[in-house]
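# Notes for the structure review
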Amino acid sequence: MPSALPGGEAAHGPFWSEPGTLLEHVPVAVFGVDDGDRVCYWGPGARDLFGYDSTAVLSGPGAVLFADGLRGSSESCARLTERGRTLGYWRGRLTARHQDGTAFACGFRAFSVTGAAGRSVVMVLASRSDELDRVKTNLAFLDALFETCPIGLVMLDPDLRYVHLNQALADMDGLPIEAHLGRRMDEFMIMSDGGEYQRMLREVAQGGAPIVGTLVGLRPRGHPDRDQVRSVSFFPLSRAVGSRPGVGGLMVDVTDREQAILEATASRRRLALLDGASTRIGTTLDVNITAQELVDASMPDFCDGAVVEVVEWMDEDEVFDPARWLITRRIAAGTILPPPATELVSGVDTVRYPPGSVIHDMLRTGRAISAVVNEEFLARTVLIESRARLFAESGLACVLVAPLIARGTVQGIAMFGRSGERPAFTRDDVSLAGELSSRAAICLDNARLYSRVQDIALTLQRALLPSALATSPYVDVAHRYVPGSRITEVGGDWYDVINLPDGRVVLVVGDVMGHGVSAAAAMGRLRITTKALARHDSEPAELLTELDACAQEAGIELATCLYIVYDPRTGRARIASAGHPPPLVLRPDGTVETIDEVLGVPLGVGGFPFRTTEVELPAHATLALYTDGLVEARGRDIEAGLGALRAELGRAPGPLEAMADHVLASLLPTPPADDTVLVLARVHRTP
């Protein structure tokens, strides 16, 4: 089959239309004519087009297929075969004749085929002209539509990937047609509808009802600085005649007409960011965690990187002076950009800003401001050359700085940055950052104040606990006090060791219910009162009665106390308890006993007597006194905690200090949920 016309002109092969598409819409007859213009091949579609069976036409003159072949010869047939042989490929229109005698216009394509024996045959493709014209008109219309229509046109496959689109839609998206093909539609647009647009398209692709004139707000990734509103219509593509399944669509940019929708979209995005930030910021009363929550809540929707810094004021009453250097401490940072941006945001702890910096401009007005990262910005704000170079190479193109002001005090600053691939901060963004920082500042200040109260309570607690316990040759003591985590306030746990006449030793442990400064102060009053009462050498029950009265007078509503007097001459211990967990005894043989005969109501209740219990302790036995933080926790019954403590005492190493460390490491959670006291006392007899 020749592939070129005389003179070197390129020619298309006979099947220029793709089989299975155009040929299924236009019936094509295939037949062959030999050197004597006789039909030698009667192929597909020939019977349908001309009406003859193969037996009626094969070996007969080809002239019968043409309107001018009534006398056995046909000028049209001769012309067709002569052109096919001499030109190699010819196409044109001639008048054909059906077996029933009707004539019709027909389009022919003829080309010469040479066999192995040297014989040549002219192969002919024929189709009715009206069918060809119809399909050509439709194709021409579609080509013109996709080429010149100002409305965006698109064809998507069942997975919503681009199969075909026109230039108008490519211009809307800001990317060339070639960049779309084979990729998913959601890769080219940023939506704020929670996936509703994609769900709508999937329903259409699965054969659902068409969508007509639906308004959609989006931001094309090819135009990241431009929100759009489009009127979209989608319909399922027909599966008939072998066509592809999928979705067809039309899109019109109606942004100017629907500016209100754009504003609503932007407002929803801002509100969604603020709503998300309100739930993510301030989940704890820890300053560093709260600052990091602000950083995490701002990325990636609002910015590509952020830091939070607290101002290192000389004192609380210091007033910002724009003529002085500003020193801050960076407590939180994050970025979604690659290095060196990660080193830029996290590579320092203390930052110094010179007078005239963007930070000074922001603090002078008390309002958030934005700035472009250029040579002027770096010269004014970043004086360390290595840091300025990192800033310039980080990819950040603009920054937005907002003050963290709460209760009239500047707590610090929040700085947000965007890369050059995103639009610069707008006035709405500046306003949003100000509101976001204002909310975060309240949470930071709450955390700061809480930390200060915690520090005060912890300082008071430690100051009121004994700095050095009384020593005795008959009692070896190891003691531990572990404050709770910063999530829980300081409690009122306390302990003491007091020497009495005749070598006797008092061991006492207590716990004031509640937390904070008031609990620490109440603990201190009870400890000092207990030490004073112990000097009078009262019975344990009598001492608790006096201590209960003092607690009531001081307004201490609920406190527990375990009071033990050990006499090394007899080896006996006299014990009284005011609602405190029972002491444990580790005997020299390794068995652990609970002294649970000790009863009593907590201090501050009043009206109930206390009772003294006496037990004999073998030489070298170890008493374990503790507070409920060691054995009681959320989700664990106190009996289970006591069982665990007994087990750990039984397997703990011999030396008291090592034993105390082992018990705490085994039983205390990390971080501890409550204050904990543990006192281990190993008793001996007098010679």
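These notes cover the structure that comes with them. (Residues numbered from 1 in each chain as written. Predicted model: local features only at pLDDT ≥ 70, side-chain atom pairs only at ≥ 80, totals over all residues. Heavy atoms only, no water.)

Here we come to the overall build of the protein chain. The helix and strand tally for the protein chain stands at 19 helices and 27 strands. For the protein chain, with 687 residues in total, the buried portion stands at 46%. Relative to all contacts within the protein chain whose residues are 6 or more apart in sequence, the contacts with residues 24 or more apart total 60%. Working note: accessible area of the protein chain is about 33,100 Å², and carbon and sulfur atoms make up 54% of it. (Helix = DSSP H or I, 4+ residues; strand = E, 2+ residues; numbered from the N terminus. Buried < 20%, exposed > 50% of the residue type's maximum accessible area, 1.4 Å probe, protein only. Contact = heavy atoms within 4.5 Å. Areas by Shrake-Rupley, 256 points an atom, 1.4 Å probe, with all protein chains shown as cover.)

Another aspect to go through is the sheet that holds strand E22 (residues 572-578). With respect to topology, five strands assemble into an open sheet ordered E19-E20-E21-E22-E25, the strand pairing being antiparallel. Among the strands making up the open sheet, the edge pair consists of strand E19 (492-499) and strand E25 (613-616). With strand direction ignored, the average angle separating the axes of adjacent strands in the sheet is 15 degrees. Bridge count between E22 and E25: four bridges; the pairing is antiparallel. Bridging across to E25, Ala573 finds its partner in Val615. On top of the sheet, helix H17 (residues 540-554) reaches strand E21 (559-567) and E22; it is set at about 25 degrees to E22, its chief contact. (Pairing = 2+ DSSP bridges. Axes fitted to C-alpha atoms, helices over the stretch in contact; angles between N-to-C directions.)

Attention shifts here to the side chain of Arg480. When you line up the elements, Arg480 lands in strand E18 (residues 475-482). By relative accessible area, Arg480 is classed as buried at 19%. At 2.8 Å, the side chain of Arg480 forms a polar contact with the side chain of Glu657. (Polar contact = N/O pair within 3.5 Å; in protein donor to acceptor, adjacent residues only side chain to side chain.)

Residue pairs spaced three or four apart in an α-helix point in one direction, given the helix's 3.6 residues per turn. Over its 15 residues, H17 extends 21 Å from the first C-alpha to the last, a length consistent with the 21 Å expected when each residue adds 1.5 Å. Here H17 has its buried residues at Pro540, Ala541, Leu543, Leu544, Leu547, Asp548 and Ala551. Considered in projection along H17, the buried side chains sweep an arc of 150 degrees and stay on one side of the axis. (Expected span 1.5 Å × (residues − 1). Arc of directions from axis to C-beta.)

Quick look at the nonpolar core now. Ranked by internal contacts, the top residues of the largest apolar core, which has 32 residues, are Leu294, Phe302, Val308, Leu400, Leu404 and Phe416. Listing elements by their share of this core, those giving two or more residues are helix H9 (259-280), helix H10 (287-298), strand E12 (305-311), strand E13 (326-335), strand E16 (396-406), strand E17 (409-419) and helix H15 (427-464). Core analysis: the next-biggest nonpolar cluster, separate from the first, contains 26 residues, Ala341, Leu363, Val382 and Leu390 among them. (Core = buried A, V, L, I, M, F, W, Y, C linked by side-chain atoms within 4.5 Å.)

Another aspect to go through is helix H12 (residues 358-365). Among the residues making up H12, those that are buried are Val358, Ile359, His360, Met362 and Leu363. Taken together, the buried residues of H12 touch E13, strand E14 (350-353), strand E15 (369-372), helix H13 (375-381), E16 and E17. In the segment just after H12, Gly366 is the residue with positive phi, at about 75 degrees.

Moving on, we get to the pairing of strand E10 (residues 228-236). Taken across its nine residues, E10 has seven buried, putting it largely inside the fold. As judged from the seven bridges shared by E10 and strand E11 (residues 247-253), these two strands associate in the antiparallel manner. Following the sheet pairing, Ser231 is matched in E11 by Val252.

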